[in-house]
Amino acid sequence: MSLDADILIERRRMKRRVSLWRAAAIVLFLVVGIALFARQDGMSASLGLTPHVARVKIEGLILDDRDKLAMLKRLEDSANAKAVIVFVNSPGGSTAGGEALYNALRSISAKKPVVAVFGTAAASAAYLTGIAADHVVARGNTITGSVGVILQWANVTGLFDKIGIKVEEVKSGPLKAVPSPFTPADDATREVTAEIVAEAQQWFLSIVTERRKLSEEAILSIKTGRVFSGRQALTLGLIDAIGDEQAARKWLQDSKGISEKLSVIEWKTDASSVSWLSSLGKALTGLLRGATPDLASLVDENSALARPMLDGLVSVWQPQKTQ
């Protein structure tokens, strides 16, 4: 009798295990199916299969993001996305990253209307990105502008002297690897660095003046690299109107014939899809093990804010820290 009872208990345990794995397999199948389906036309593919207005977010630190550029190319080619709203909320970032986004949005604009909506901040490379749109709206207190380029490096030679570290190097030329944090900048280093910054600044200014048709007075103001409120930016011609996404929709309907009845669908990158799928997988794993999933693991590790390091020319607004 004892043997029969043990066999019965073991069978019940086996059934529970099989049921658990079946449930897990079904959930995984559904998640993978949804993710694959979403890739066809953005994350909201179930709605994106019909005509809609696409929303793209440019947030956090701007980098040269290949995933976002690939998404913008798919958006450009999408027959269902009739117009694009670019929501910009960023202090800027790398100049090359802003240049890439600007070019991608200009390419989209050649095929469908693009309108930019500025949030809390649209400065430096973020402002450059936004003016790729056909129409720009911002809130009255949006931090706007900061048209300029900066190249920074640390000078740690004094610290190294104090702790007894000396850096030795052999260079192929006197201007190789300059500026360097390990060598005080000489006149030649400052000259070539200033030349790069000036050339990039002229490039930036030429785009702004071409896109915004600025007056000489406005150009003199933005050359300083300062930021403006949304209201000041409107007076100078840096933006077209004060408003929000509703104002952007109204402009699309009045100027481009894009009905306000069309749904707005947010487009995301494949990396966001993968991150979302990975996070969901972690949560499911935790639940299947009977443990509470770590909420920190649900944070997107590929977020631009998690990668604050910037190399090369930078177009970013940073408020000065108070002592």
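What you see is a predicted model, and the numbers here were worked out from it, not measured in a lab.

Caption draft 1: Fine view of the overall build of the chain. A count of helices and strands for the chain gives 11 helices and nine strands. Of all 323 residues assigned to the chain, the portion counted as buried reaches 38%. Considering only residue pairs separated by 6 or more positions, the chain has 76% of its internal contacts joining residues 24 or more positions apart. Counting only carbon and sulfur atoms, one obtains 56% of the accessible surface of the chain, whose full area is about 19,000 Å².

Caption draft 2: Up close: the confidence of the model for the chain. Overall, the predicted model of the chain reaches an average pLDDT of 82, with 74% of residues at or above 70. This stretch, residues 39-47, has a pLDDT under 50; its non-local contacts, to residues over four places away or in other chains, come to 18 contacts. Per-residue pLDDT stays below 50 along residues 291-309; that stretch engages in 18 contacts with residues further than four places along the chain or on separate chains.

Caption draft 3: Local environment of the nonpolar core. Core analysis: the largest hydrophobic core is formed by 47 residues, its most contacted members being Leu 72, Leu 75, Phe 118, Val 208 and Leu 238. Here Phe 118 is in contact with Val 88, Tyr 127, Gly 130, Val 136, Val 137, Ala 138, Arg 139, Thr 142, Thr 144 and Ile 239, once residues within four sequence places are set aside. With 10 residues, the next largest nonpolar core counts Ala 83, Ile 85, Val 115 and Trp 251 among its residues.

Caption draft 4: Main features of a nonpolar patch on the surface. Taken together, the side chains of Leu 159, Ile 163, Ile 165, Val 167 and Phe 182 define a hydrophobic patch exposed on the protein surface, amounting to about 440 Å² of accessible area. Following the sequence through the fold, Val 167 ends up in the loop between helix H6 (157-163) and helix H7 (187-212). Among the residues examined, Val 167 registers a relative accessible area of 35% and is labelled partly exposed.

Caption draft 5: The side chain of Ser 229, seen in detail. Relative to the helices and strands, Ser 229 resides in the loop between strand S6 (227-228) and helix H9 (230-236). Residue classification places Ser 229 among the buried positions, given a relative accessible area of 19%. Once residues within four sequence positions are removed from consideration, Ser 229 is found in contact with Gly 140, Thr 142 and Thr 144.

Caption draft 6: Quick look at the pattern of salt bridges. As enumerated under the stated definition, the model contains 11 salt bridges in all. Of the charged contacts in the structure, one is a salt bridge between Glu 245 and Arg 55, with a shortest N-O distance of 2.9 Å. Note that Glu 245 is positioned in helix H10 (residues 245-256) and Arg 55 in strand S1 (residues 52-62), a separation of 190 residues in sequence. Judged by relative accessible area, Arg 55 falls into the buried class, the value being 18%. The partner of Lys 166 in a salt bridge is Glu 168, and the shortest N-O contact between them spans 3.9 Å. Both residues of the pair, Lys 166 and Glu 168, count as exposed. Each of Arg 55, Lys 57, Glu 245 and Glu 266 takes part in a single network of salt bridges with overlapping partners.

Caption draft 7: Looking closely at H10. With 12 residues, H10 should reach 16 Å at 1.5 Å per residue; the first-to-last C-alpha distance of 15 Å fits that figure. For H10, every residue scored as buried is listed here: Ala 248, Arg 249, Trp 251 and Leu 252. Summarising the axial view, the buried residues of H10 lie within an arc of 160°, below the 170-degree limit, and thus occupy one face. Buried residues belonging to H10 abut S1, strand S2 (81-94), strand S3 (114-123), strand S4 (135-138) and strand S8 (264-266).

Caption draft 8: Quick look at the packing of helix H3 (residues 66-77) against helix H4 (residues 95-109). In contact at an axis separation of 9 Å, H3 and H4 are set at 5° when each is read in the N-to-C sense. As judged from the angle between their axes, H3 and H4 are roughly parallel. Contacts from Lys 68, Leu 69, Leu 72, Leu 75 and Glu 76 of H3 reach H4 at Ala 100, Leu 101, Ala 104, Leu 105, Ser 107 and Ile 108. Tallied by class, residues from the contact of H3 with H4 come to eight nonpolar, one polar and two charged.

Caption draft 9: Just the packing of aromatic side chains, in detail. On inspection of all chains with the given rule, the structure shows three aromatic pairs. Between Phe 160 and Phe 182, the aromatic rings sit 5.8 Å apart at their centres with planes inclined by 20°, giving stacked as the arrangement. Of this pair, Phe 160 sits in helix H6 while Phe 182 sits in the loop between H6 and H7; the two residues are 22 residues apart in sequence, bridging distant segments of the chain. Note on Phe 182: relative accessible area 41%, which makes it partly exposed.

The rules we used
- Residues numbered from 1 in each chain as written.
- Predicted model: local features only at pLDDT ≥ 70, side-chain atom pairs only at ≥ 80, totals over all residues.
- Heavy atoms only, no water.
- Helix = DSSP H or I, 4+ residues; strand = E, 2+ residues; numbered from the N terminus.
- Buried < 20%, exposed > 50% of the residue type's maximum accessible area, 1.4 Å probe, protein only.
- Contact = heavy atoms within 4.5 Å.
- Areas by Shrake-Rupley, 256 points an atom, 1.4 Å probe, with all protein chains shown as cover.
- pLDDT = per-residue confidence, 0-100.
- Core = buried A, V, L, I, M, F, W, Y, C linked by side-chain atoms within 4.5 Å.
- Patch = residues over 30% accessible without salt bridge, like charges linked within 9 Å, V, L, I, M, F, W, Y side chains within 5 Å.
- Salt bridge = Lys/Arg side-chain N within 4 Å of Asp/Glu carboxyl O.
- Expected span 1.5 Å × (residues − 1).
- Arc of directions from axis to C-beta.
- Axes fitted to C-alpha atoms, helices over the stretch in contact; angles between N-to-C directions.
- Parallel < 35°, antiparallel > 145°, perpendicular 65-115°, else oblique.
- Nonpolar A, V, L, I, M, F, W, Y, C, P; charged D, E, K, R; others polar.
- Phe/Tyr/Trp six-rings, centres within 6.5 Å; stacked < 30°, edge-to-face > 60°.

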